[in-house]
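Structural characterization, general
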Amino acid sequence: MALNIVVCLKQIPNPDLQFQIAPDGKDIRRDALNYKINGADEYALEEAVRLKEKYGGRVVALSLGPKRVDQVLREALAKGADEAVRIAHEDSGTYDVGTVARLLAATVRTLPHDLVLTGVQSDDQGSSATGGLIAGLVGLPHASVVTRVDVKDRILEVATELEGGLQRVYAIPLPALLTIQFGANTPRYAPLPAIMRAARQPIREIAPASVSLPYAFGVRGLSPPIAKGHAEIVTGSVEDQAKKFAQLLREKGFVRR
Amino acid sequence: MSGDILIVAEHLEGRLAPSTFEVVSLGRALAAASGGVVRVALFGQGVRALAEALAKLGVEVLLVEDVALAEYTGDGYVLAVRGLLESAKPRLLLAAHTAQGYDLAPGLAGALDLPLVTNAVGVRLDGSRLVVTRRLLNEKVQAEIEIASDRMIVGTVRPGSVKAASPAPGGIVVPTKVSIDASRVRMRFARIERPTVQDIDLAAADVIVSAGRGIQKKENLPLIEEFAKAVGGVVGASRPLTDMDWLPKTRQVGQSGKTVHPKLYVACGISGAMQHVAGMKDAGLIVAINTDPSAPIFEVAHVGFVADVLKLLPATLKELTG
Ligand SMILES: Cc1cc2nc3c(=O)[nH]c(=O)nc-3n(C[C@H](O)[C@H](O)[C@H](O)COP(=O)(O)OP(=O)(O)OC[C@H]3O[C@@H](n4cnc5c(N)ncnc54)[C@H](O)[C@@H]3O)c2cc1C
């Protein structure tokens, strides 16, 4: 039962950085960013490769964005993807998940797919919507926040995570789409020879499909978050901070001495 | 198009999700502003009592009961919404941004080719446009976006961003017949699984010292334990640490872990992602230690130390014992 798997991967600005708003107020400043693979997508990629190793088949890594995105696709090739496809898309912001999902869906339709995987969310836009939208657009059944996947006779058994640690288990016939949760597996490191091989592998660049949107979307403006509460920030040397911390703990009665 | 708002309620094992009450409150406010009516769709089987509980919020509850809706499935709920849309033309459909909400909303928007915006922390109407506030880049940037469409817009609202609706008069339950072709529900619900590990009950602790990825290495956990002991507390964690098995799953604080209300919560090297904050924001005193002054944890903390936790904790221990 070989599986044709398409895994959608996103490159995002490293969210550990501090961000500045661009002069026009419609995007972040992109001149001094570094980019990485979206956290949840690492688990989606690992799940795709594991399923291929278990059941046979092929993994196609699919991404959308400018040339710099190739880095993520090479990482995927080094970790076991068989083919990499990048939809050329110069808009680095892409604040509208509907546009992104429609572009990805148009390509998914052209690729053999028993199973389509995405991460549960992206850490830059945080929509948790790309996977579900693709499923709806392509006409696949889907499940979100998946922590476990088994396949038997072309039926998936998947555990999906709910609030508070409960899991809801479903049986879903292939073809289907799953959004993979953090911690679903342990992503592997790519061995050096594989990294070197991946550096020479071709990445298929395709032009974006023309999609029609049933709406008009616009970014009105970006701003630093309007803080709801404000922490009293303690500055100074570590020694000073430690004195203040100890004093606070004593004052509030959490330590006796 | 009408200014009507349709809300999809969420429930599990005979209980309504608290987030549904928040979405109702937002829906009521938006409907009042647009001169429309807010309706809450409740899908299930044998859930009349839940419909009545919702009606106490002063809203019209469309109760759709069908065996195919006994348990949540994306397919079943999309078919049920589709059925309701045959006789109603709401301007906006809202659900909570929960695991179920962000399963349903994008699936629905994709299947029916509708505009979608998710994880909103603020929603308002500006003439014919829907204006939505969202958080980006691990909460560090806020964005205001707008959508205009002659179709129904689908949206999800982040739990905790609106106050829950309080009771109001005038509510009514309207049993509504929607024919659902069960053969079009492709997935089958199998069961609910519960965590089984035995451990301390984090929710009962008065003091919690939680470690996040900022502690760098598993080898630094004893430092957190030592500090927790010094302040009479127990050790909790953000999700990445329990995912990596540095600590058992029972120690995870947050949306998919424990919700805690200790007197003191010390967040050590935790960025403050919404899923973590959901589980600890109501602690009495929140102290955050983080090297990044723009970390969103400082938004919920009462006292913040911009510091290396691996240096500040040993220095504070020395102060306390020395
Ligand atoms: C459906 C879903 C459910 C989830 N449920 C939960 C949940 O229940 N609980 C949960 O916690 N997460 C949950 N998450 C994950 C969540 O989105 C975040 O990824 C996670 O909370 C981040 O953990 P962290 O803050 O430890 O790590 P990071 O976000 O990586 O933050 C590490 C922080 O440490 C700081 N730091 C680094 N070095 C130091 C140092 N030496 N001293 C001090 N600070 C330092 C950094 O500045 C950074 O702010 C969930 C995600 C999803 C999608």
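Before reading further, recall that the structure is shown in the block above.
Parameters and conventions
- Residues numbered from 1 in each chain as written.
- Chains lettered and ligands numbered in written order.
- Predicted model: local features only at pLDDT ≥ 70, side-chain atom pairs only at ≥ 80, totals over all residues.
- Heavy atoms only, no water.
- 1 Å grid on protein atoms, 1.4 Å probe; cavity = no way out; pocket = protein on both sides within 12 Å on 5 of 7 lines; lining within 4 Å.
- Points joined across faces, edges and corners; volume = space filled by probe spheres on them.
- Helix = DSSP H or I, 4+ residues; strand = E, 2+ residues; numbered from the N terminus.
- Phe/Tyr/Trp six-rings, centres within 6.5 Å; stacked < 30°, edge-to-face > 60°.
- Buried < 20%, exposed > 50% of the residue type's maximum accessible area, 1.4 Å probe, protein only.
- Lys NZ or Arg CZ within 6 Å of the ring centre and 35° of its normal.
- Salt bridge = Lys/Arg side-chain N within 4 Å of Asp/Glu carboxyl O.
- Near = heavy atom within 4 Å.
- Polar contact = N/O pair within 3.5 Å; in protein donor to acceptor, adjacent residues only side chain to side chain.
- Areas by Shrake-Rupley, 256 points an atom, 1.4 Å probe, with all protein chains shown as cover.
- Pairing = 2+ DSSP bridges.

To continue, consider empty space enclosed by the protein. Residues and elements named next belong to chain A. Tallied over the full model, the rule gives 6 cavities of 30 Å³ or more. As for the largest cavity, its lining consists of 43 residues, of which K10, V100, S122, D124 and T130 are closest to the centre. Those elements that provide at least two residues to the lining of the largest cavity are β2 (11-13), β4 (57-65), α3 (97-110), β6 (115-119) and α4 (130-138). The dominant element in the lining of the largest cavity, judged by the number of residues it contributes, is β4, at 4 residues. Taken as a whole, the second largest cavity encloses approximately 80 Å³ of empty space.

Tallied over the entire structure, the rule returns 6 aromatic pairs over all chains. Between F245 of chain A and F227 of chain B the ring centres are 5.5 Å apart and the planes differ by 35°, which places this aromatic pair in the tilted class. Residue F245 of chain A is located in helix α6 (residues 238-251), and its partner F227 of chain B is located in helix α5 (residues 221-230); the two belong to separate chains. We note that F245 of chain A, like F227 of chain B, is buried. Ring centres of Y72 of chain B and Y77 of chain B lie 4.7 Å apart, and the angle between their planes is 70°; on these two criteria the pair is classed as edge-to-face. Here the aromatic residues F245 of chain A together with F227 and F305 of chain B are joined through ring pairs into a cluster of three or more. Over the ring of Y35 of chain A we find R68 of chain A, and its NZ or CZ is 3.7 Å from the ring centre.

All right, on to the pattern of salt bridges then. Within this structure, the stated rule accounts for 39 salt bridges over all chains. R39 of chain B is the partner of D4 of chain B in a salt bridge, and the nearest nitrogen-oxygen pair spans 3.3 Å. Separated by 35 residues along the polypeptide, D4 of chain B in the segment before β1 (5-8) and R39 of chain B in strand β4 (residues 38-44) bring together distant segments of the chain. D4 of chain B gets classed as buried once you look at its relative accessible area, which sits at 17%. Between R186 of chain B and D75 of chain B there is a salt bridge, and its shortest N-O distance comes to 2.9 Å. Pair noted here: R186 of chain B is in the loop between β11 (172-175) and β12 (188-193) and D75 of chain B is in helix α3 (residues 74-85), with a separation of 111 residues, a long-range link. Salt bridges sharing common partners tie together E46, R50, E53 and R188 of chain A.

What follows concerns the site of the ligand. Around the ligand, the structure places 31 residues, and the nearest of them are R213, S238, S256, S271 and Q275 of chain B. Neighbouring residues of the ligand are not confined to one chain but are distributed across chains A and B. Between the ligand and the protein, one listed contact pairs a nitrogen atom with a backbone N or O atom of V253 of chain B at 2.7 Å. With respect to the ligand, the backbone of G257 of chain B contributes an N or O atom lying 3.4 Å from an oxygen atom. Within the complex, 91% of the 990 Å² of free accessible area of the ligand lies under protein.

With that settled, consider the pairing of β6 of chain A. All names here are of chain A. Of all the 5 residues making up β6, 5 are buried; the element is thus mostly covered by neighbouring parts of the structure. A two-sided burial pattern is seen for β6, the buried positions comprising L115, L117 and G119 on one face and V116 and T118 on the other. Bridge count between strand β1 (residues 3-8) and β6: 3 bridges; the pairing is parallel. Looking at the pairing, V6 lines up with V116 of β6. With 5 bridges connecting them, β6 and strand β10 (residues 176-180) associate as parallel partners. Counted as the bridge partner of T118 is T179 from β10.

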